[in-house]
Amino acid sequence: MGKIFIAAGLALGLSFGVFASDASASSGKAAPSQEWTFDGVFGNFDRAQLKRGYQVYQEVCAACHSLSQIYYRNLSEIGFTEDEVKKIAAEFEVPRGPDDEGETHEDGEQIMRAAKPFDKLVQPYANEQAARAANNGALPPDLSLVTKARKGGANYLHALLTGFADAPEGFKMQDGMSYNVYFPGAQIAMAPPIDDDAVEYADGTKASKDQISRDVAAFLTWTAEPELEDRKRIGIKVLIFLIIFTAMLYAVKRRVWAKLH
Amino acid sequence: MSENTRKFKNPVINWIEYRLPIFSFIDDSVGSNYPSPRNLNYWWNFGSLAGVTLVVMIATGIFLAMNYTPHVDMAFDSVERIMRDVNYGWLMRYVHMNGGTMFFIAVYIHIFRGMYYGSYKEPRELLWIIGIVIFLAMMATAFVGYVLPWGQMSFWGATVITNLFSVIPFFGDSIVQWLWGGFSVDNPTLNRFFSFHFLLPFVIFALVFLHLWALHEHKSNNPTGVEIKGDADVIPFHPYYTAKDAFGLGVFLIFFLGFTFFAPNFFGEPENYIRANPLVTPAEIVPEWYFLPYYAILRAVPDNFIDAWGILPVIITAKEAGVILMFASIIALAFLPWLDSSKVRSAKYRPIYKQLFWVFVADTFVLGYIGAHPAEGHFLLIGRIATAYYFFHLLILLPLLGRFEKTRPLPESISASVTNASSEEGQ
């Protein structure tokens, strides 16, 4: 009888999900699962995809979205050479620090210098107020951690970017909003950002809407979890060691306890 | 040389032992000179697992504290710096994050084991009560710890939970302001929570020491619930239970590190990867999974419940009643030794209690499930029924059951039960 209750308890807990997330009315439609190279125990990032994703971010998303946790130097981790990183950084300008006379401004203008690999990625807006003012009152979220900060992660991002549609008849839209079933409440302040051929890939990959969304979702998974590959690589070694070691401990336990009987 | 000094083979050890009898202390505590019941099953592993997890939490926590900045403008970024730029910082943080979950899993199983086998009964009442105090200290530690990354759930969780103290009569508001160090959850709150989070684990450590001290006085309970009667009932802790605990630890670590390396955010709330913003309330404020049952109890009291009775003038509100119930749900556990009136310890010999125990376990799962959902509609109704049952079990069923339950005959001794029944549990 006790066993039955264990089973019932577990079934209750697991199937309904003490742990599992669910789609309540306020959260958007659940994103369908996609295949990603970084899925699973042996998952890896596809460097070419990350570079394409960076291109998408820079050419499309960066107009409104910051990536505040990322430095230009980090780009060497996704396959850019050191020189390439320097070149990428040098395309942007950051405020220069005080010079020997303590001057930071000239004729009332902030003196700028070219960005270096140790600088953070330059943000599109000076502050939250500026961002809201430029976006009809809405604040484009920082994207550094977005795949960890949303249920569904990369799947959600891909679904959101490809999920724009016309609002069904009778659905009341607010001014300047777009309809998207994957967004909580189905109304999002972001206009559909991506279309086929929104970017032209340097590596010749066909830039379909789906491909672009996929690439940028992969790139943003890397920005959120740059340790992912290290983590899985070390994790496999740790688990293999533990499984063997635990099997040995079991043998020891059996041996020790055999004396008792 | 003193007559009492124990002799070891190694002269260096003898030299130390004569001056500081630490080796005999270890041997008497967790060594070959500590007698344990011979029939402990694998459910008895979870005490040592909780102990190891505490040490892991302290060890990883020390390294995290070296790199963490308790300031509202920097906390979130300092955690991200740990994740990105500190060597193996991601490993320390993910072990610490998942360690919290594992600690609660181990301790919940440990508590349920105590309830199933009646471990709290005379003469182990204080041992049990110290355990409940440890559990409370763990909850406090986990709560203040969750605030430190200064994400959205950190901030709003802190706001909701600290506000609970406002229901304390007369002093409530002053206490809440005192906790905050101001008029809302802000930088002073974060500062003191960091301080508490560093202090409390060492308090827990000291309490664990008391817990073990009390344990060693009357030794472990066992699956039969029959006291140790002679040498045939016991085996030395080392090597038997050191070997068994080591194997259990291996299995536990596979589970623990499996999540840490391959699904580190499985138990977490995505919302907490969004920087705290006092101006934006999350759609749903949900605590960590291990607080969900209490969260369900907190929200279970209907608004008009107290009026409806019409007996008392309305002196407390639904919110106050919810807070009282939530704390009562834990405090009630401390009174288990007196609430449970049965003379028989182990559920093995208590056919009705055995079933009610599993119903109670299922009830806590239901409460956990309800705690994860908004308090409305049928969730609220189920939550109320489950809350009522929780207290019904502890306050009504257990005191009555001991009087009416027909228990099975107990074995004469632990050794008799081992030799008679080949169908013993565990081992």
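By convention here, each chain's residues receive numbers from 1 onward along its written sequence. Note on labels: chains are lettered from A, ligands numbered from 1, in written order. Only residues with pLDDT of at least 70 get local features here, since the model is predicted, and only at 80 or more are side-chain atom pairs given and counted; chain-wide, interface and lining totals rely on the full set of residues. The basis for every side-chain value is the complete set of heavy atoms in the structure, and neither hydrogens nor water enter the calculation.

Let's hear about the domain arrangement of chain A: which residues, and what values?
All names here are of chain A. The split of the chain into domains comes from an automatic or database domain assignment. When its domains are assigned, chain A resolves into domain 1 (2-70 + 123-226) and domain 2 (229-261). With 10 residues of domain 1 at the interface, the matching set in domain 2 holds 4 residues. Summing both partners gives a buried area of about 560 Å² for domain 1 against domain 2, and 38% of it is carried by carbon and sulfur. Any carboxyl oxygen of Asp or Glu that lies within 4 Å of a side-chain nitrogen of Lys or Arg is treated as forming a salt bridge with it. On inspection of domain 1 and its partner domain 2, the count reaches 2 salt bridges. Its salt-bridge partner being Glu229, residue Arg47 comes within 2.8 Å of it at the nearest N-O pair. Whenever a nitrogen or oxygen atom comes within 3.5 Å of another N or O atom, the pair is scored as a polar contact, on the condition that within protein one atom can donate a hydrogen and the other can accept it, and that pairs from neighbouring residues in sequence are kept only if both atoms are in side chains. Where domain 1 meets domain 2, there are 5 residue pairs in polar contact (both at pLDDT 80 or more). Contacts are assigned to residue pairs with any non-hydrogen atoms lying within 4.5 Å of each other. Values labelled buried area give the accessible surface lost by two parts on being combined, using a 1.4 Å probe and summing over both.

Give a description of the interface of chain A and chain B that names residues and reports values.
Each partner contributes residues to the interface: chain A has 50 residues there, and chain B has 52 residues. Our enumeration of links across chain A and chain B arrives at 1 salt bridge. Between B:Asp85 and A:Arg73 there is a salt bridge, with its nearest N and O atoms 3.1 Å apart. Only helix H1 (2-16), helix H5 (146-149), helix H7 (209-224) and helix H8 (228-258) of chain A provide two or more residues apiece to the side of chain A that touches chain B. Each helix is a run of DSSP H or I of at least 4 residues and each strand a run of E of at least 2, with the numbering of both proceeding from the N terminus. For the side of chain A that touches chain B, the leading source of residues is H8(A), giving 16 residues. Residues are grouped as follows: Ala, Val, Leu, Ile, Met, Phe, Trp, Tyr, Cys and Pro are nonpolar; Asp, Glu, Lys and Arg are charged; all remaining types, including Gly, are polar. Grouping the constituent residues of the side of chain A that touches chain B by class yields 25 nonpolar, 13 polar and 12 charged.

Give me the lowdown on the domain arrangement of chain B, citing residues and values where you can.
All names here are of chain B. The domain architecture assigned to chain B consists of domain 1 (43-277) and domain 2 (286-413). A separation of 23 Å is found between the C-alpha centroids of domain 1 and domain 2. Each partner contributes residues to the interface: domain 1 has 41 residues there, and domain 2 has 37 residues. Summing both partners gives a buried area of about 3700 Å² for domain 1 against domain 2, and 69% of it is carried by carbon and sulfur. On the domain 1 side of the interface with domain 2, the three residues burying the most area are Met115, Tyr116 and Lys121, jointly 19% of the side's total. In this assembly, domain 1 and domain 2 are joined by 2 salt bridges. With its nearest N and O atoms 3.1 Å apart, the salt bridge here joins Asp340 to Lys121. Only helix H5 (89-116), helix H6 (125-147) and helix H7 (152-164) provide two or more residues apiece to the side of domain 1 that touches domain 2. No other element matches H6, which puts 10 residues into the side of domain 1 that touches domain 2. A class-by-class count of the residues in the side of domain 1 that touches domain 2 yields 24 nonpolar, 9 polar and 8 charged.

Provide a residue-level description of the packing of H6(B) against H7(B), including the pertinent values.
Residue and element names in this part refer to chain B. Two numbers describe how H6 lies on H7: the axes approach to 7 Å, and their chain directions differ by 135°. Judged by the inter-axis angle, H6 sits oblique to H7. Listed contacts from H7 to Phe143, Tyr146 and Val147 of H6 are Met153, Ser154, Gly157, Ala158, Ile161 and Thr162. Considered class by class, the residues forming the contact of H6 with H7 number 6 nonpolar, 3 polar and no charged. As a rule, the C-alpha atoms of each element are fitted with a line to give its axis, helices using only the stretch in contact, and angles between N-to-C directions run from 0 to 180 degrees. Between 65 and 115 degrees an angle is taken as roughly perpendicular, under 35 as roughly parallel, over 145 as roughly antiparallel, and anywhere else as oblique.

Would you mind going over the nonpolar core in detail, with residue names and values included?
In terms of nonpolar packing, the biggest core is built from 121 residues, with B:Phe104, B:Met115 and B:Phe135 touching the most fellow members. Here the element with the most residues in this core is H5(B); it accounts for 15 residues. Those residues in contact with B:Met115 that lie beyond four places of it in its chain are B:Tyr120, B:Trp128, B:Leu333, B:Leu336, B:Tyr353, B:Phe357 and B:Phe360. For this analysis, a nonpolar core means a set of buried residues of the types Ala, Val, Leu, Ile, Met, Phe, Trp, Tyr and Cys, connected via side-chain atoms within 4.5 Å. A simple rule labels every residue: compare its accessible area, found with a 1.4 Å probe on the protein chains alone, to the largest value its type can have, and call it buried under 20%, exposed over 50%, or partly exposed in between. Listed in part, the 46 residues of the second largest apolar core include A:Ile78, A:Leu121, A:Leu157 and A:Ile188.

Hey, could you go over helix H15 (residues 351-371) of chain B for me, with residue numbers and the actual values?
Its 21 residues give H15(B) an end-to-end C-alpha distance of 31 Å, which sits within 8% of 30 Å, the value for a rise of 1.5 Å per residue. Among the 21 residues of H15(B), 15 are classified as buried, and the element is accordingly described as predominantly covered. By definition here, a helix of n residues has an expected span of 1.5 Å times n minus one.

Hey, could you go over the pattern of salt bridges for me, with residue numbers and the actual values?
Using the criterion set out here, one finds 20 salt bridges over all chains in the structure. A salt bridge links A:Arg231 to A:Glu225; the shortest N-O distance between them is 2.8 Å. We note that A:Arg231, like A:Glu225, is buried. Here A:Asp230 makes a salt bridge to A:Arg233, at a shortest N to O gap of 2.7 Å. Residue A:Asp230 and its partner A:Arg233 are both found in helix H8; the two are separated by 3 residues, about one turn of the helix. Residue classification places A:Asp230 among the partly exposed residues on the basis of a relative accessible area of 35%. According to the relative accessible area criterion, A:Arg233 is partly exposed, its value standing at 44%. Connected through salt bridges with shared partners, the residues B:Lys121, B:Asp340, B:Arg350 and B:Glu405 form a single ionic network.

Outline the sheet that holds strand E5 (residues 164-165) of chain A, listing residues and values.
All names here are of chain A. Only when DSSP finds a minimum of two bridges between them are two strands counted as paired. Reading across from one edge, E5-E6-E7 is the order of the 3 strands in this open sheet, with antiparallel pairing throughout. Both outer strands of the open sheet, E5 and strand E7 (187-188), are each paired with one neighbouring strand and no more. In this sheet, E7 lies alongside strand E6 (residues 178-180) in antiparallel orientation, the contact comprising 2 bridges. Residue pairing for E7: Ser178 is matched across the bridge by Ile188.

Describe the packing of aromatic side chains, and please don't skip the residues or the numbers.
All names here are of chain B. Side-chain rings of Phe, Tyr and Trp, where Trp is taken by its six-membered ring, are said to pair if the distance between their centres is within 6.5 Å; with planes under 30 degrees apart they count as stacked, over 60 as edge-to-face, and otherwise as tilted. The final tally for this structure, using the stated rule, is 52 aromatic pairs over all chains. When the centroid spacing of 5.9 Å and the interplanar angle of 40° are considered together, the rings of Phe104 and Tyr108 count as tilted. Highlighted residues: Phe104 and Tyr108, both in helix H5, separated by 4 residues, approximately one helical turn. For Tyr108, a relative accessible area of 16% corresponds to the buried category. Measuring from ring centre to ring centre gives 6.4 Å for Phe104 and Phe135, while their planes differ by 70°; the resulting arrangement is edge-to-face. You can see Phe104 sitting in helix H5 and its partner Phe135 sitting in helix H6, a full 31 residues away along the chain. Accessibility expressed as a relative area gives 2% for Phe104, which makes it buried. Feature note: the residues Phe104, Tyr108, Phe135, Phe255, Phe259, Phe266, Phe267, Trp289, Tyr290, Phe291 and Tyr294 constitute an aromatic cluster, connected by ring pairs. In this arrangement the basic side chain of Arg113 is found over the ring face of Trp44, its NZ or CZ atom lying 4.4 Å from the centre. Taking the ring centre of Tyr353 as reference, the NZ or CZ of Arg350 above it sits at 4.3 Å. By the criterion adopted, a ring carries a charge over it if an Arg CZ or a Lys NZ lies within 6 Å of its centre and within 35 degrees of its normal.

Give me the lowdown on unusual backbone geometry, citing residues and values where you can.
All names here are of chain B. With omega at 5°, the peptide bond leading from Glu122 into Pro123 counts as cis. Topologically, Pro123 is positioned in the loop between H5 and H6. Going from His238 to Pro239, the amide bond is cis rather than trans, its omega being 10°. Within the secondary structure layout, Pro239 lies in helix H10 (residues 237-262).

So what's going on with helix H6 (residues 153-162) of chain A? Which residues, and what values?
Quick reminder: α-helices carry 3.6 residues per turn. Residues three or four places apart thus point the same way. Residues and elements named next belong to chain A. The element H6 is extensively covered by neighbouring structure, given that 9 of its 10 residues are classed as buried. Taken together, the buried positions of H6 are occupied by Gly153, Ala154, Asn155, Tyr156, Leu157, His158, Ala159, Leu160 and Leu161. Of the surrounding secondary structure, the elements contacted by the buried residues of H6 are H5, E5, E6, E7 and H7.

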